[in-house]
Amino acid sequence: MTTIIGCIRKNEKWIDLSYYVLYAILYLSALVGTTTFMDWEGVPHVRNLFYMGATAGMLVLWMLGIVLQENWKVNVAKAVILLIGILQFAIGGGSSLILILTTLIGATDRKSGDIILKESLVIGIAVIIIAYLASMNGYIAYKVSTDDRHSFGFTYYSHFSDKLLYLYMMFRCVYRKRLSIAGYALSVLLVYLDFRYTHARTVTICFVLFLILCGIYDLISYAREKHEARKTTKENILNVMGALASMAYLFAGALSFGGVYLNKMLENMEIPYELNTFIARLNFSGEAMKQYGFTLFGQKIYESLDEGPYFYLDNAYIRLFFITGAVTLIFFAVYMTWMMWHAFSEKRYIFFFALLVAAIGGISETYTINFYYNMFAILAFARLGCIGTISEREMTI
């Protein structure tokens, strides 16, 4: 047994390399599944083979990671997290996304978060460009909805729009430099064009919020460095603000359920047209509360996108509660709160802002719980290095 453990530890570099390769395959196959390349004959089958094969490989790496990790507390945490994923998959709603997410959290232990983010960024940009060019040249479907929402080679317009948002946040986390005025101007142009062609209101709100938070941070840190000003914000006040903001996932979850009951109370109230989509999603959540009861690890629920009456739970927290159960929802909210507090306490402010925006986006979208969008969620045990910080200004706030 000692010989086996020694052999595994001796080959840690090869294990790490295997992880990066498998992650690239898993991430790429997941993204391909959101494009209209899936309409090609044979592509879904090949994509599923790579997807499931990479997932199986990650389970093996998870087990090897138990040997490589010498801190028993971390191993216990990883085991509990994976157990939650297995239970909700086996006896609950059977969400493969949550099972893969809990597997990746453990398998990513001691891996380089910087490499993972850059890998995701390159693959994500490549998929967007290829899908766009293929759709524009007629190789795959270019979908435009009746209300003029363009999907640019993706199966749904929000798949494209949300991917832009998360890729941009990944870029800011690994850029490690203050964004220039020209950089912010280009960012604003990107947000405008995205909204112009997709009309993705939730994504636009999240995009603008992220830009504002990063802009304020850049401006304050620049002013302090330029004028060599002393810190004026008391540390205890900053910690209280960070603690409150770190509970964004708890607040968002509470707001999601509270919004359903508030909508029921105000059902006869006249609603502005711009809020019709959001209110419709609240109505679907309300219907789910009537039809399905409380479970610990989830249940099968009826959903329909193309056939029959449309019914889909577009709120990440409501979706977790009904499909994967109360235990999974509580785990996810607490786990992400822990991640946010650590990001804040380690002064990874850009990373912190990205997690905050993902929490808010989950109120009206499901991508917060998808590892191939919100891949920040898998980085709890990774080696983060300088992710979310900028070396020359780390001590300014």
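Everything below is about the structure shown above.
Residues numbered from 1 in each chain as written. Predicted model: local features only at pLDDT ≥ 70, side-chain atom pairs only at ≥ 80, totals over all residues. Heavy atoms only, no water.

**Section: the pattern of salt bridges**
Applied cut-off: Should a side-chain nitrogen of Lys or Arg be within 4 Å of a carboxyl oxygen of Asp or Glu, the pair is scored as a salt bridge. A run of H or I in DSSP counts as a helix once it spans at least four residues, and a run of E counts as a strand once it spans at least two, with each numbered from the N terminus. Accessibility here uses a 1.4 Å probe with only protein chains present; expressed as a share of the type maximum, an area under 20% marks a residue as buried, one over 50% as exposed, and anything in between as partly exposed.
Summed over the entire model, instances satisfying the criterion amount to 7 salt bridges. Among the salt bridges present, the one from Lys-78 reaches Asp-109, with a minimum N-O distance of 3.0 Å. Of this pair, Lys-78 sits in helix 4 (residues 72-90) while Asp-109 sits in the loop between helix 5 (96-107) and helix 6 (113-136), and the two are 31 residues apart along the sequence. The same class applies to Lys-78 as to Asp-109, namely buried.

**Topic: helix 5**
This is how it is decided: A helix is expected to span 1.5 Å multiplied by its residue count minus one. When checking whether two residues touch, look at their non-hydrogen atoms; a contact exists if any pair is within 4.5 Å.
Here helix 5 spans 16 Å end to end across 12 residues, near enough to the 16 Å set by a 1.5 Å rise per residue. Burial runs high along helix 5: 10 of the 12 residues are buried. When helix 5 is considered as a whole, its buried residues turn out to be Ile-98, Leu-99, Ile-100, Leu-101, Thr-102, Thr-103, Leu-104, Ile-105, Gly-106 and Ala-107. On the buried face of helix 5, the contacting elements are helix 2 (12-32), helix 3 (43-68), helix 4, helix 13 (316-324) and helix 14 (326-345).

**Here we look at the nonpolar core**
Put simply, the rule reads: Among the buried residues, those of types Ala, Val, Leu, Ile, Met, Phe, Trp, Tyr and Cys that are joined through side-chain atoms within 4.5 Å form a nonpolar core.
Ranked by internal contacts, the top residues of the largest apolar core, which has 118 residues, are Tyr-19, Phe-351, Phe-371, Phe-376 and Leu-379. Residue contacts for Leu-379: discarding those within four places in its chain leaves Thr-108, Gly-113, Ile-116, Leu-117, Tyr-335, Met-339, Phe-351 and Leu-384.

**What to know about the environment of Asp-162**
Residue position: Asp-162 is located in helix 7 (residues 157-175). Along the chain, Asp-162 and Tyr-373 lie 211 residues apart, while their C-alpha atoms are 7.4 Å from each other. Once you skip the residues sitting within four places of it in the chain, Asp-162 turns out to touch Val-203, Glu-365, Tyr-367 and Tyr-373.

**Details of the packing of aromatic side chains**
Short version of the rule: The pairing test for Phe, Tyr and Trp rings, Trp by its six-membered ring, is centres within 6.5 Å, and the orientation test on the planes gives stacked under 30 degrees, edge-to-face over 60, and tilted for anything in between.
For the structure on display, the rule yields 31 aromatic pairs. Aromatic side chains Tyr-168 and Phe-210 sit 6.1 Å apart centroid to centroid with 85° between the ring planes, which places their arrangement in the edge-to-face category. Of the two residues, Tyr-168 is situated in helix 7 and Phe-210 in helix 9 (residues 201-227); the sequence distance between them amounts to 42 residues. The pair Tyr-168 / Phe-210 is uniform in exposure class, with both members buried. Three or more aromatic residues joined by ring pairs make a cluster, and in this case those are Tyr-132, Tyr-142, Phe-152, Phe-154, Phe-160 and Tyr-197.

**Points about a nonpolar patch on the surface**
Applied cut-off: Each patch groups residues whose relative accessible area exceeds 30% and which form no salt bridge, using 9 Å between like charges and 5 Å between nonpolar side chains of Val, Leu, Ile, Met, Phe, Trp and Tyr. Per-residue accessibility takes into account occlusion by the displayed protein chains alone, with areas from the Shrake-Rupley method and a 1.4 Å probe.
Residues Ile-125, Ile-129, Tyr-132, Leu-133 and Met-136 make up a contiguous nonpolar surface patch of roughly 450 Å² in combined accessible area. With respect to the helices, strands and loops of the structure, Ile-129 is situated in helix 6.

**A short note on the packing of helix 4 against helix 14**
Between two packed helices, both the angle of their axes relative to each other and the distance between the axes serve to describe the pair. The test is simple: Axis angles are defined between N-to-C directions and span 0 to 180 degrees, where every axis is a line fitted to C-alpha atoms and, for a helix, only to the segment in contact. With the far helix as reference, a near helix turned anticlockwise by less than a right angle produces a left-handed crossing, and one turned clockwise produces a right-handed crossing. In this classification, Asp, Glu, Lys and Arg are treated as charged, Ala, Val, Leu, Ile, Met, Phe, Trp, Tyr, Cys and Pro as nonpolar, and every other residue, Gly included, as polar.
Packing of helix 4 against helix 14 leaves a shortest axis separation of 10 Å and a crossing angle of 150°. Taken as a pair, helix 4 and helix 14 cross one another with a handedness that is left-handed. Listed contacts from helix 14 to Ile-81, Ile-84 and Gln-88 of helix 4 are Val-327, Thr-328, Phe-331 and Tyr-335. Looking at the contact of helix 4 with helix 14 residue by residue, the classes come out as 5 nonpolar, 2 polar and no charged.

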